[in-house]
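Summary of structural features
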Amino acid sequence: MTPEAEKYFDSLKETYASQRPKSEALHKKACRYMPGGDTRTATFFLPFPNFIERGEGAYMYDADGHKLLDFQNNYTSLIHGHAHKETVEAVCQQMARGSAYTAPFEKQIELSGLLAERFPGIDLIRFTNSGTEANMHALRIARAYTGKAKIIKTEGGYHGTTDVFEASVDPNIKKAGTLDSIKVIPESRGVSENALKDVLVAPFNDIERTAKIIEEHHHETACMIIEPIMGSAGQITPKIEYLTFLREITERYNIVLIFDEVVTGRLTTGGAQKYYGVTPDITTLGKIIGGGTPVGAFGGKEEIMQMYDPRRKQMYHSGTFNGNAVTMAAGLATMKAFDEEKAAYVNKLGDRFRDGILGIYRRLGLNMQISGAGSIYNTLFTDKPVSNYRDVATAHEELNKILYMALLNKGVFNAERGMFCMSTAMTESDVDFGLDAVKSALGDMLPVIAAEAPELIL
Ligand SMILES: Cc1ncc(COP(=O)(O)O)c(C=O)c1O
């Protein structure tokens, strides 16, 4: 960061901190019992995170009394915003009838049925407690089904925190080799090097290089896993021909194609697979399908998924809270309310947001990008369109952090990496309020942008 940008960032952080004495005190208290006062790295930022007291609809209220328009929605998991009425009622009713049974119950049938009916790639489905677990089991069943061990993932792809998926999630590209020979980089210390030996990394949207990897390794590859839109890498949308190519080549070589739709599950009522018309073998889900409670699910072709049929004694999958009663009640109420009309509504808000951002860039003379689709978008401080992880990694990521802090000071909460996610609780005027804040924040940032990234100024 240039000294100019650093100075400006510091002044924003000072304003933020001075307005949040209660959050600061709570953070200090939290540090006594949790490392860094934190239990979820993705929610931590400096100088200290905002402590939230409650959420209602499109807004959250912090410990110091600030009202924040929520474009985070718990990293895209709250499709109807906070405290959605039908979901709250369903959860309260279910809690009064017991929160967990060591037995199946009817709402599991209702939610699995709703998802199987909506997602073209799901005949049979199983619930887990997180997206991480869903991907873990998708991988296991792919290995069991194919008798092969390796996985191919994309550089920058995020599939949760299991060792094997903590490969090349956010690597330093200076250390990650060339696109022709991407080096597998562990995302965290402590990730097993042995686990990473099973991982091959391909560039997203790159048919030629992905084909080369598959041609060389298909005999030992169990699955290829992708996020149809790369979320944490910066909402990178796929070329349709890349998806159809993946479908064709994986089918040819008996490689299980896994779509991680933990985030893109909200793109339509049947996720990205319905939107792009490409059907994977296995789909993993999470986030919105739990109505704000912890959840995950993996489902797919009957031929594969039936290996989990306990009567066959082929595969074991248990979990104390799988298909938990409260999660099922919350998920069902939320997903029933996320019908075609609501899906179209939230995507229309997304269109309004994207068009508004493009208008702001034009008015301020900024040559920047906005990536994403449907109800999730990402501001990117780069002048070039993005089609893979490296395109985003070479953007000026630190400017998104400055924008984030500036927006917090204006009552708007997005993600530090520049992600903005709509909810059905938002109105057009909420979106416009967010856009006004972005316009004013970017306007104030112009001298900093000019110093840090002159190529972005027209
Ligand atoms: C695409 C994707 N897959 C998997 C996960 C992991 O889900 P969870 O955090 O529920 O374990 C996430 C979480 O953000 C995600 O974005």
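Going by the structure above, here's the rest.
One structure accompanies this document, and this report is about it.

Conventions we followed
- Residues numbered from 1 in each chain as written.
- Predicted model: local features only at pLDDT ≥ 70, side-chain atom pairs only at ≥ 80, totals over all residues.
- Helix = DSSP H or I, 4+ residues; strand = E, 2+ residues; numbered from the N terminus.
- Rg over C-alpha atoms; globule rule 2.2 N^0.38 Å.
- Contact = placed C-beta atoms within 7 Å.
- Buried ≥ 20, exposed ≤ 12 C-beta atoms within 10 Å, placed from the backbone.
- Near = placed C-beta within 6 Å.
- Nonpolar A, V, L, I, M, F, W, Y, C, P; charged D, E, K, R; others polar.
- Pairing = 2+ DSSP bridges.
- Core = buried A, V, L, I, M, F, W, Y, C linked by C-beta atoms within 7 Å.
- Domains from an automatic or database assignment.
- Axes fitted to C-alpha atoms, helices over the stretch in contact; angles between N-to-C directions.

1. Structural notes on the overall build of the protein
For the protein, the helix and strand inventory stands at 16 helices and 16 strands. On C-alpha atoms alone, the protein measures out to a radius of gyration of 22 Å, which is about the 23 Å that the 2.2 N^0.38 rule sets for 458 residues. Expressed along its principal axes, the backbone C-alpha trace of the protein runs to roughly 65 × 55 × 45 Å. Long-range contacts, defined as pairs at least 24 residues apart, comprise 73% of the intrachain contacts of the protein with a sequence gap of at least 6.

2. Details of unusual backbone geometry
The omega angle of the peptide bond from L46 to P47 is 10°, so this bond is cis rather than trans. Counting through the fold element by element, P47 comes out in the loop between α2 (21-33) and β1 (52-56). One non-glycine residue, Y75, adopts positive backbone phi at about 50°. Looking at the secondary structure, you find Y75 in helix α3 (residues 73-76). With a phi angle near 55°, Q235 is a residue other than glycine that sits in the positive phi range. Note on Q235: 27 C-beta atoms within 10 Å, which makes it buried.

3. Looking at the site of the ligand
S130, G131, T132, G160 and V262 are the nearest of the 16 residues found near the ligand. Considering only residue class, the shell around the ligand consists of 4 nonpolar, 10 polar and 2 charged.

4. Focus on the pairing of strand β4 (residues 124-128)
Within β4, 4 of the 5 residues are buried, leaving the element largely enclosed by the surrounding structure. As paired strands, β4 and strand β12 (residues 296-300) are joined by 5 bridges and run antiparallel to one another. By the bridge assignment, I125 is partnered in β12 with G299.

5. So, the environment of T15
Structurally, the position occupied by T15 is in helix α1 (residues 3-18). Since 14 C-beta atoms lie within 10 Å of it, T15 is described here as partly exposed.

6. What to know about the nonpolar core
If you look at the biggest cluster of nonpolar residues, it comprises 128 residues, and the most contacted ones within it are A142, C223, V256, I258 and I402. Both of domain 1 (3-79 + 339-456) and domain 2 (85-337) provide at least three residues apiece to this core. Other than its neighbours up to four places away in sequence, V256 contacts A142, Y145, T146, A222, C223, D281, I282 and I304.

7. A few points about the sheet that holds strand β11 (residues 282-286)
As summarised here, the arrangement of the 7 strands in space is β4-β12-β11-β10-β9-β5-β8, forming an open sheet in which the pairing is mixed. Edge positions in the open sheet fall to β4 and β8 (199-202), since each of these has one partner strand only. Geometrically, the sheet is characterised by an average inter-axis angle of 20° between neighbouring strands, direction not taken into account.

8. Structural notes on the sheet that holds strand β16 (residues 419-421)
By way of backbone hydrogen bonds, the strands of a sheet pair with one another, either parallel or antiparallel. On the basis of which strands lie adjacent, the open sheet formed by 3 strands has the order β13-β14-β16 and antiparallel pairing. Either end of the sheet is taken by a strand with one partner, and the two such strands are β13 (369-373) and β16. Pairwise comparison of adjacent strand axes, ignoring direction, gives a mean angle of 20° for this sheet. Relative to strand β14 (residues 376-380), β13 runs antiparallel, the two being bridged by 5 bridges. Residue pairing across strands places I370 opposite T379, the latter belonging to β14.

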